[in-house]
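Summary of the model geometry
Now for the letters of each chain:
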Amino acid sequence: MSQRCPYCDAPIKLGVLFCPACGARPRLPRVRSAEFEAEVTRPEVPFPSGDPLLSPALPLDLSHAPQPRSTASPRSIGGERSLVIGRDQSCDIVLDAPQISRRHVSLTPLGPGRWLARDLNTANGTFVGSTQRRLTQAEVHRKDVLFLGSYRFPLSRIQDFERQQTPRSGNPLALPADKPIITLGRGPANDIVLQSPQVSRHHARLVRESGGLFLEDLSSANGTFVGGQRVQRAPVEHGQIFSLGSFALRLDLERMRLQKSYRGDILLQAENLRVEVPTPHGPRRLLDGISFTVYPTELVGLLGPSGAGKTTLLNALIAYNRPSFGRTLLNGDEIFAHFDRYRGAIGYVPQEDIIHSELTVYQALYYTAKLRLPPDTTDEEIDQRIWQVLHDLEISDTAPLRIGSPEQKSISGGQRKRVNLAMELLTDPSLLCLDEPTSGLASEDALNVMRLLRRLADRGKTILLTIHQPSLKAYRLMDNTLYLADGEQVYYGPAYPDSMLYFHPEVAPDAPAARALLSDPGSCMRPLVAAKRSGEPMETFAARYRQSAYFDEFVSGRRRDPAQVNLTAAPPRKPPSFELRQLRTLTHRFLTIKLKDRIGTLILLIQAPIVAMLLNLVFIQDEGGVFTRMEHTPLALFLLVISAIWFGGSNAAREIVREQAVYRRERMVNLSIPAYVASKFVVLGLLCLVQCVALLGLTYGPLDFHGAPLLHLLTLWLCALAGVAAGLLLSAAVRTSEAAIAMVPIVLIPQVILGGAIMPVARMDTWTRTLSATTFSRFGFEAMLHTEERALAYEVPLDELPLPPLPGAPAPPIAPHPLDRFFGDAETGLLLDLGALSLFTVVVLSGVSLSLRRRDMLS
Ligand SMILES: Nc1ncnc2c1ncn2[C@@H]1O[C@H](COP(=O)(O)OP(=O)(O)OP(=O)(O)O)[C@@H](O)[C@H]1O
């Protein structure tokens, strides 16, 4: 596909930035129509009239000469120091992207929030406001956005860097020359104070020794990294970049300071991603050949028809799922090899809610902060962070409101989306991925969410989102869009107006029809939908894109030199060990959820009185004589055991599966599986204890039990705990709550059949006995009989037999004792029974942990 340059008529590729013959920008006439200018919503820089150095039409300088590697200090104008931005480490602001020259642009202060920007003879140019306005020299303001090539750099970000330019005494990153040990951390007592929620209070220290300078980690929560590797202690030298949490610093020993590195921001690069899933007919390809690069501060939309693969792509990009081919690089580091390093830097808001509807907004944020922020973060700091995030997202007034379900609303849909986002912003991640953050929202709400994301991107975050049918205003807030169709990449490049014109090459940019196109973002999708209907393969669109100039600039042009890719695996992702702190927080959160879910908890609690009432109703009709006790008490005890197992199993069966979105998200961050499983077990175990007390308390007297009540209670509780473990195992193994509930009988029915009451174990053959020994009810039942036997021997006086012996007939055999009757030679002692129940619970709980871990490996 090609077009002709409007200035010299030379043939040029579609979407090319500069005409290879005359150097003009051929797309310019399309996008600088009066209508387009009028619709611009993002702040545009007014061009100083008559400034010959700044031309919106033609670049003055298209020199492709390699840039000299200069280490000269930046020039000073009027006594104030200029800043130089570029790829070279000697620059004041180092931005490492292929399209950025070693020394790209200088900024000379003209007054507060004003600079003179000079392009330093770069190949890819410097632009202001949009990539249509190239400059060689111009006055720019804090609210402007510079483009270095296509690298977006909002000048509001310069504040961060300006602080580093202050005299050494006032520079927060200045290294004290006289100290042998320099401490770094979040706490104010450190020599270098790093204000980031991912930095620990006392995070690391630089130690001067005769052998040189060493960086030592001080058992920080998110780690200290040198050269991509997590280190306890490592030598560092001038120019070295190291990271504390997601805070990246460059050591400048010449100027005795640390320099905040661009590496704190995230440059995301997808390289040839392919995702396949196994099917009975062989692997099915969901995505293929996806390659693109997103720069920090860019807001990128993933679009495409339903089922195109947008969610699949997001999941593959951020290591939620492992692609079958290709890789994702974060600042040049392969994501799986360096996941530990980037874990805290990635924020992901899936389509499903990652919040518990029973909690208030504040509580949900509080527990998440407790789980994700470094352990040394105080409650006061957490409170401040929560209010800051709520304030930033403009939802402070929702803090005390219950989140509620989408059906039972307490907060609006838009606020709900923001609360999900707030959970991620607590840790201030540099990369944010959002799956349909605007779905289900009214257009004004959707636009507000998009504006919010725009602001976050302008502050330095790299943001990707999937979106359906955005309004024109929302569309124009995005920098780039990536279109997918049937898993193929059919476009990646500027959102407005390029993407809209790209999909309609038949419409001339200045034709009246272009106006209609440019007012409707949905126009991009129409050719794709029509082609799909007519059976045209999407590969045709993908091939066309690979031939376009957009591919050259936004895919090939942004691709990192393969030699710079860091594939070296960092030490394998450390499986989080059991963490007492997490257990406390998770238990507290789960208990709060249970207490807030009054109706659900009440339904669970009334089960015990109902069961007790029914047992009393059935068994109390007996006269209570020894014979009837001998006949019916074992059955009543067995039913108590089965009820206890039912309580445990049914209480637990939905508890993991119903919050799998939250679990998965927290697991990606830092959730410890043993702590998570233990928290569920502790709270559900307490609930079962209440149920068992009620059940036994309401039946013990009426059914004339004689065994030690505490021993009976212990046995019932152990049975219920085994039931909890089995329920959790179900919950971890299935994908839906419905499946979990449907499977509870599969656990319970064998307990009834094989537990030894319906068919005594004594009369089972060897195989059935072995099977019976795998049920908890068998040991629970036997333990209950042992306990009952301790209080009262089952002896049957002759006069209590139902029929007196006939005169002269041999005396009837004494009815065997229930333990003999039900267990015979298979009988074991009480302690062994209780031990077996405990062992079952431990083994099944380990199975829960293994099942959850297996899920990690499958993804
Ligand atoms: N685990 C899986 N096994 C088989 N097919 C899958 C799996 N996950 C996704 N798919 C299929 O892959 C395709 C892409 O799914 P995906 O959810 O990524 O699409 P999408 O573009 O996000 O759709 P939507 O816009 O409707 O959310 C769909 O056809 C879907 O059915």
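Residues numbered from 1 in each chain as written. Predicted model: local features only at pLDDT ≥ 70, side-chain atom pairs only at ≥ 80, totals over all residues. Heavy atoms only, no water.

All right, on to the UniProt feature "transmembrane region" (unreviewed entry) in the protein then. Here, the residues flagged by UniProt with the feature "transmembrane region" (unreviewed entry) are residues 599–620, 632–653, 673–698, 710–732, 739–762 and 830–852. Span residues 599–620 is 95% helix and 0% strand, its end C-alpha atoms 31 Å apart. Helix makes up 95% of residues 632–653 and strand 0%, with an end-to-end C-alpha separation of 31 Å. (UniProt positions renumbered as here; feature names shortened; annotations may be inferred. Helix = DSSP H or I, 4+ residues; strand = E, 2+ residues; numbered from the N terminus.)

Overall, mixed pairing links the 5 strands, which are arranged β6-β5-β7-β8-β11 in an open sheet. Each of the sheet's edge strands pairs with one partner strand only, and the pair in question is β6 (93–94) and β11 (137–141). The pairing of strand β5 (residues 83–86) with β6 spans 2 bridges and is parallel. The partner of Ile-85 across the bridge, within β6, is Ile-93. (Pairing = 2+ DSSP bridges.)

The next point concerns the packing of helix α6 (residues 361–372) against helix α8 (residues 413–425). At their nearest, the axes of α6 and α8 sit 9 Å apart, and the two run at 25° to each other. The angle between the axes of α6 and α8 places the two elements in the roughly parallel class. For the element pair α6 and α8, the recorded crossing hand is right-handed. Judged by residue contacts, Val-361, Ala-364, Leu-365, Thr-368 and Arg-372 of α6 engage Val-419, Ala-422, Met-423 and Glu-424 from α8. A per-class count over the contact of α6 with α8 returns 6 nonpolar, 1 polar and 2 charged. (Axes fitted to C-alpha atoms, helices over the stretch in contact; angles between N-to-C directions. Parallel < 35°, antiparallel > 145°, perpendicular 65-115°, else oblique. Left-handed = near helix turned anticlockwise from the far one by under 90°. Contact = heavy atoms within 4.5 Å. Nonpolar A, V, L, I, M, F, W, Y, C, P; charged D, E, K, R; others polar.)

Taken together, 14 residues are adjacent to the ligand, and Ser-306, Lys-310, Thr-311, Thr-312 and His-468 come closest. Within the backbone of Gly-309, a nitrogen or oxygen atom sits 2.9 Å from an oxygen atom of the ligand. Here an oxygen atom of the ligand and a side-chain polar atom of Glu-436 are 3.4 Å apart. Per element, the largest residue contribution to the shell around the ligand is 3 residues, and it comes from helix α4 (residues 310–317). (Near = heavy atom within 4 Å. Polar contact = N/O pair within 3.5 Å; in protein donor to acceptor, adjacent residues only side chain to side chain.)

With that out of the way, let us pick up the pairing of strand β32 (residues 480–485). β32 sits mainly inside the fold: 6 of its 6 residues count as buried. Alternating positions in β32 separate into two faces, Asn-480, Leu-482 and Leu-484 on one and Thr-481, Tyr-483 and Ala-485 on the other, with burial throughout. As paired elements, strand β26 (residues 299–303) and β32 share 4 bridges and run parallel to each other. Residue pairing for β32: Leu-303 is matched across the bridge by Tyr-483. The sheet contact formed by β32 and strand β33 (residues 488–494) spans 6 bridges and is antiparallel. In the sheet register, Asn-480 faces β33, and the bridge partner there is Pro-494. Between β32 and the antiparallel strand that follows it, β33, lie 2 residues; Asp-486 among them carries a positive phi value of about 50°. (Buried < 20%, exposed > 50% of the residue type's maximum accessible area, 1.4 Å probe, protein only.)

Picture the strands of a sheet paired through backbone hydrogen bonds; they go either parallel or antiparallel. Spatially, 5 strands are ordered β15-β14-β16-β17-β20 in an open sheet, and the strand pairing comes out mixed. Each end of this open sheet is capped by a strand with a single partner; those strands are β15 (192–193) and β20 (233–236). With 4 bridges connecting them, strand β17 (residues 212–217) and β20 associate as antiparallel partners. Bridge pairing links Leu-215 to Ala-234 in β20.

A word on the pattern of salt bridges. Counted by the stated rule, this structure contains 35 salt bridges. A salt bridge links Glu-298 to Arg-558; the shortest N-O distance between them is 2.7 Å. Residue Glu-298 is located in the loop between β25 (284–294) and β26, and its partner Arg-558 is located in the loop between α15 (549–556) and α16 (580–596); the two are separated by 260 residues in the primary sequence. Just as Glu-298 is buried, Arg-558 falls in that class too. Note that Lys-370 and Asp-379 form a salt bridge whose closest N and O atoms lie 3.2 Å from each other. On the basis of relative accessibility, which here comes to 40%, the residue Asp-379 falls in the partly exposed class. Several salt bridges converge on common partners, so that one network encompasses Arg-152, Arg-454, Asp-458 and Asp-479. (Salt bridge = Lys/Arg side-chain N within 4 Å of Asp/Glu carboxyl O.)

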